[in-house]
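# Coordinate analysis (summary)
If you want the building blocks of each chain, they are given just below.
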Amino acid sequence: MEIQQIKYFLTLAEELHFWNTSEKVGITQSALSRQIMSLENELNLKLFDRDKRNVKLTPAGLFLKNRWQSELPILEMIQQQALQIHLGESGTIRVAHPDSLSSSVIPEIISKISSAFPKLNIELLQLSYSEEEESLKNYKVDMLFSRDVNKSAFLDSKKLSSDTLCLVVPIDHQFKTESDITPLSLAEEKFILTHGGADSTYDSLLDDIFAHYKISPKSYISSQFGSTIISLIKKGLGISILPQSYSHYDEIGVRFIPLPFSSDFYINWRKDDSNIIIKNIMDLI
């Protein structure tokens, strides 16, 4: 049974005339008769009593007319919603991202997705590094933005861009430019750092920076959220190395000094995922 057959039935139920109805719905009288007969056969009941002169609704036909007239708009809406989900224009997508992209990349990308698919529900989450891969594998999230290189055969990745890394210090700190940064001066500083884990490529990049400046700092405070680190820096509790994208978040009270290092960030998703929404988003970005 198709919605179009119900529309034919409802029009005939109003007109009670096959020729007038066929003219109104734009099909031949014989085609209309076949559609009504097909509907009756599928329902296993008679909808109309008809002879050469008259067409009348049966009691069952009158019941269905009254019900379908009120419910057809709902059926059409459900069909349209199902089509939008099938085409990847509707439904829900869960996206995880690091704190560092909250005020720079994420708003721009979400704006682009929302404009292209206004009926799509988007849930944004922030996860610890240790939760990222498992959340994708277990379908807790559908897409993941990350600064770590994907090493899993289960996932696909695409590099989106790079972000300059900066030494972040209080606004009244003695460090003004990169030329002020030396192994000797850094050795005296307390660091507040992120902690991804032993296999975090972002943490490995921080190790490369410290090797470049020939220091081995001990992070006496650590956090997975750069916004928290910035608040601690404002309180004079130490300095840190963060992506420059955090300067979009809140630069008041701190200074970002660019370093000759950059951090790549990626979007990750499940390999061979049949979710058409993911494909549409990847085509978009």
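The structure this text deals with has already been given above.
Let us look at the structure shown here. All values reported here derive from a predicted model rather than from experimental measurement.

### Details of the packing of helix α2 (residues 18–25) against helix α3 (residues 29–43)
A pair of packed helices is captured by two measures, namely the crossing angle of their axes and the spacing between those axes. Relative orientation of the contacting elements α2 and α3 amounts to 100°, with a least axis distance of 9 Å. The angle between α2 and α3 falls in the class roughly perpendicular. In contact with Phe18, Trp19, Thr21 and Ser22 of α2, α3 contributes Gln29, Leu32, Ser33 and Ile36. Classifying every residue of the contact of α2 with α3 gives four nonpolar, four polar and no charged.

### Observations regarding the pattern of salt bridges
Enumeration according to the criterion identifies twelve salt bridges in this entry. The salt bridge involving Arg270 is made with Asp142; its shortest N-O contact spans 3.0 Å. In this pair, Arg270 sits in strand β10 (residues 254–270) while Asp142 sits in the loop between α6 (129–137) and β5 (143–146), placing the two residues 128 residues apart along the sequence. The pair formed by Arg270 and Asp142 is uniform in burial state, with each residue classed as buried. Salt-bridge contacts for Asp163 lead to Arg147; the nearest nitrogen and oxygen are separated by 2.9 Å. Taken together, the residues Asp163 in strand β6 (residues 155–170) and Arg147 in the loop between β5 and β6 connect sequence positions 16 residues apart. One network of salt bridges, in which partners are shared, links Arg94, Asp142, Arg270 and Asp273.

### Thoughts on α3
Residues three or four positions apart in an α-helix share a direction because the helix packs 3.6 residues into each turn. Given a rise of 1.5 Å per residue, 15 residues ought to cover 21 Å, and the 21 Å separating the end C-alpha atoms of α3 matches this to within 8%. Just past α3, the residue Asn44 takes up positive phi, approximately 60°.

### Side note on the sheet that holds β6
Taken together, the six strands give an open sheet; going across it, the order is β4-β3-β5-β10-β6-β9, and neighbouring strands pair in mixed fashion. The outermost strands of the open sheet, each flanked by one partner alone, are β4 (119–125) and β9 (240–243). In this sheet, neighbouring strand axes are inclined to one another by 25° on average, regardless of whether the strands run parallel or antiparallel. The sheet contact formed by β5 and β10 spans four bridges and is antiparallel. Note that in β10 the partner of Ser146 across the bridge is Tyr266. Here helix α8 (residues 201–212) sits on the sheet and contacts β6, β9 and β10; the angle it forms with β10, its principal contact strand, is near 155°.

About the criteria used
- Residues numbered from 1 in each chain as written.
- Predicted model: local features only at pLDDT ≥ 70, side-chain atom pairs only at ≥ 80, totals over all residues.
- Heavy atoms only, no water.
- Axes fitted to C-alpha atoms, helices over the stretch in contact; angles between N-to-C directions.
- Helix = DSSP H or I, 4+ residues; strand = E, 2+ residues; numbered from the N terminus.
- Parallel < 35°, antiparallel > 145°, perpendicular 65-115°, else oblique.
- Contact = heavy atoms within 4.5 Å.
- Nonpolar A, V, L, I, M, F, W, Y, C, P; charged D, E, K, R; others polar.
- Salt bridge = Lys/Arg side-chain N within 4 Å of Asp/Glu carboxyl O.
- Buried < 20%, exposed > 50% of the residue type's maximum accessible area, 1.4 Å probe, protein only.
- Expected span 1.5 Å × (residues − 1).
- Pairing = 2+ DSSP bridges.

Honestly, that's just the spatial picture; any functional story needs more than this.
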